[in-house]
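A look at the structure
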Amino acid sequence: MKVIVTKNYEEMSALAAKEFAAVIQNKADCVLGLATGDTPIGMYRELVAMHEKNGLDFSKVSSVNLDEYYPITPDNDQSYRYFMNYHLFDHVNIDKANTNVPDGTAVDPDTFCRDYEAKIDALGGIDIQVLGIGRNGHIGFNEPDANGLIPDTHLTDLTANTIEANSRFFSSMDEVPKQALTMGIHSVFKARKIVILASGEGKADAVRAMLAGKITTTCPASLLCIHPDVTLICDEAAYSKV
Ligand code: F6R
């Protein structure tokens, strides 16, 4: 894994956006693997600025998102579809028909997951994937599990910790979805290039565990160490315990 340590969140975001812009400029019809959460917001802001100021062109770009709550409707302002529209898709010239976010309204989630995996393959795989890292080392909604991880896109129960952490965004605990659709580690590994971002002291333990030199399903991010093209871009605070 290549490691780049930046001064702060802004520098991390600018570098990550540069990596994405380079892929888009090299291959107009590339496939972007996208994530939600606080971490990539700065990168999306930079990409929007590159589109507005330098004409970075998303017209032929497709995208695939990592995960979505289940159940949830796309117009719910806590849905990941809403997040993506708000932070990126509504501000660049991407064709929304080419953007894929797992469907939180799918009637048959198992069939949906199989189709989502097939969709990634039909697109020719992901050219560049951005990931955030959970405080417990999760990626997507692949939570640490000593008994193993499900490789492909699947429906998963959220852990009590994740439900509690997410409750701050909902008006009551009852409204927090208890499940999510998520790409698995194998789906993520279909990406030719992966950029994992980490910012702030709160991520320092997770970054240390990821880089500890031991691959384990109790730290799903550690599996990234065996992908051939992964770059960790993290700020000094997130790197402070390595
Ligand atoms: C989001 C996702 C999650 C987040 C992770 C970090 O699509 O899959 O794994 O990347 O929970 O979240 P933030 O960036 O909010 O710290």
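These remarks concern the structure in this document. Remember, it's a predicted structure, so these values are computed and weren't measured experimentally.

A few words now on helix 4 (residues 109-122). One full turn of an α-helix is made of 3.6 residues, so residues set three or four places apart face in the same direction. Over its 14 residues, helix 4 extends 19 Å from the first C-alpha to the last, a length consistent with the 20 Å expected when each residue adds 1.5 Å. What helix 4 keeps buried is the set Pro109, Phe112, Cys113, Tyr116, Glu117 and Ile120. The arc that holds the buried residues of helix 4, viewed along the axis, is 135°, so those residues lie on one side. Along helix 4, the residues that are exposed and aim more than 90 degrees away from the buried face are Asp110, Arg114 and Ala122. Looking at the packing, one finds that the buried side of helix 4 touches strand 3 (62-65), strand 4 (67-70), strand 5 (99-100), strand 7 (154-157), strand 8 (179-182) and helix 6 (185-189). Glycine 124 occupies a position one or two residues after helix 4 and carries a positive phi of about 95°.

Further remarks concern the pairing of strand 7. Of the two faces of strand 7, the one lined by His154 and Thr156 is fully buried and the one lined by Leu155 and Asp157 carries no buried residue. As judged from the four bridges shared by strand 7 and strand 8, these two strands associate in the antiparallel manner. By the bridge assignment for strand 8, leucine 155 is matched with leucine 181.

Spatial ordering of the open sheet is given by 4-8-7, a layout of three strands whose pairing is antiparallel. Two strands lie at the open edges of the sheet, namely strand 4 and strand 7, each paired on one side alone. Within this sheet the neighbouring strands show an average axis-to-axis angle of 30°, counted without direction. Relative to strand 8, strand 4 runs antiparallel, the two sharing four bridges. Following the sheet pairing, tyrosine 69 is matched in strand 8 by alanine 180.

Here glutamate 201 lies in the loop between strand 9 (193-198) and helix 7 (204-210). The spatial distance from the C-alpha of glutamate 201 to the C-alpha of glycine 37 is 16 Å, given a sequence separation of 164 residues.

Let us now look at the state of the cysteines. As enumerated under the stated definition, the model contains zero disulfides in all. Here cysteine 234 stays unpaired: no disulfide links it, and the sulfur of cysteine 225, its closest cysteine neighbor, is 13 Å away. For cysteine 234, a relative accessible area of 0% puts it in the buried group.

Once that is clear, we can look at the environment of proline 40. Along the chain, proline 40 turns up in the loop between strand 2 (31-34) and helix 2 (41-54). Between the C-alpha atom of proline 40 and that of glutamine 179, which follows or precedes it by 139 residues, the distance is 22 Å.

Below, the discussion takes up the sheet that holds strand 1 (residues 2-6). In a beta sheet, neighbouring strands are held together by backbone hydrogen bonds and run either parallel or antiparallel to one another. Reading across the sheet, the seven strands line up as 1-10-9-6-2-3-5 and stay open at both edges, with parallel pairing between neighbours. Edge positions in the sheet fall to strand 1 and strand 5, since each has one partner strand and no second. Examined bridge by bridge, strand 3 and strand 5 share two bridges and lie parallel to one another. Opposite valine 64, over in strand 5, you have asparagine 100 as the bridge partner.

Attention now moves to unusual backbone geometry. Cis geometry marks the peptide bond from tyrosine 70 to proline 71, where omega comes out at -10°. Note on placement: proline 71 falls in the loop between strand 4 and helix 3 (80-87).

Next up on the list: the site of the ligand. What surrounds the ligand is a group of 13 residues, the closest being Thr39, Asp67, His138, Gly140 and Lys203. Between threonine 39 and the ligand, the recorded distance is 2.4 Å, taken from a side-chain N or O atom to an oxygen atom. A distance of 2.6 Å is found between an oxygen atom of the ligand and a side-chain nitrogen or oxygen belonging to histidine 138. Here the ligand has 410 Å² of accessible area as a free molecule, and 85% of this is covered by the chains. Split by residue class, the shell around the ligand holds four nonpolar, six polar and three charged.

Here the focus is the packing of helix 2 against helix 3. The relative placement of two packed helices comes down to the angle between their axes together with the axis-to-axis distance. Taken N-terminus to C-terminus, the directions of helix 2 and helix 3 make an angle of 40°; their axes are 10 Å apart at the nearest point. As far as their axial angle goes, helix 3 and helix 2 are oblique. Taking contact as the criterion, the partners of Ile41, Tyr44 and Val48 in helix 2 are, on helix 3, Phe83, Met84 and His87. Residue composition of the contact of helix 2 with helix 3, by class: five nonpolar, one polar and no charged.

Moving on: the pattern of salt bridges. The final tally for this structure, using the stated rule, is 10 salt bridges. Between arginine 192 and aspartate 127 there is a salt bridge, with the nearest N and O atoms lying 3.1 Å from each other. Taken as a pair, arginine 192 in the loop between helix 6 and strand 9 and aspartate 127 in the loop between helix 4 and strand 6 (128-131) lie far apart in primary sequence, 65 residues in all. Its relative accessible area of 43% is what places arginine 192 among the partly exposed residues.

Cut-offs used in this document
Residues numbered from 1 in each chain as written. Predicted model: local features only at pLDDT ≥ 70, side-chain atom pairs only at ≥ 80, totals over all residues. Heavy atoms only, no water. Helix = DSSP H or I, 4+ residues; strand = E, 2+ residues; numbered from the N terminus. Expected span 1.5 Å × (residues − 1). Buried < 20%, exposed > 50% of the residue type's maximum accessible area, 1.4 Å probe, protein only. Arc of directions from axis to C-beta. Contact = heavy atoms within 4.5 Å. Pairing = 2+ DSSP bridges. Axes fitted to C-alpha atoms, helices over the stretch in contact; angles between N-to-C directions. Disulfide = S-S within 2.5 Å. Near = heavy atom within 4 Å. Polar contact = N/O pair within 3.5 Å; in protein donor to acceptor, adjacent residues only side chain to side chain. Areas by Shrake-Rupley, 256 points an atom, 1.4 Å probe, with all protein chains shown as cover. Nonpolar A, V, L, I, M, F, W, Y, C, P; charged D, E, K, R; others polar. Parallel < 35°, antiparallel > 145°, perpendicular 65-115°, else oblique. Salt bridge = Lys/Arg side-chain N within 4 Å of Asp/Glu carboxyl O.

So yeah, pure geometry; function would need other evidence.
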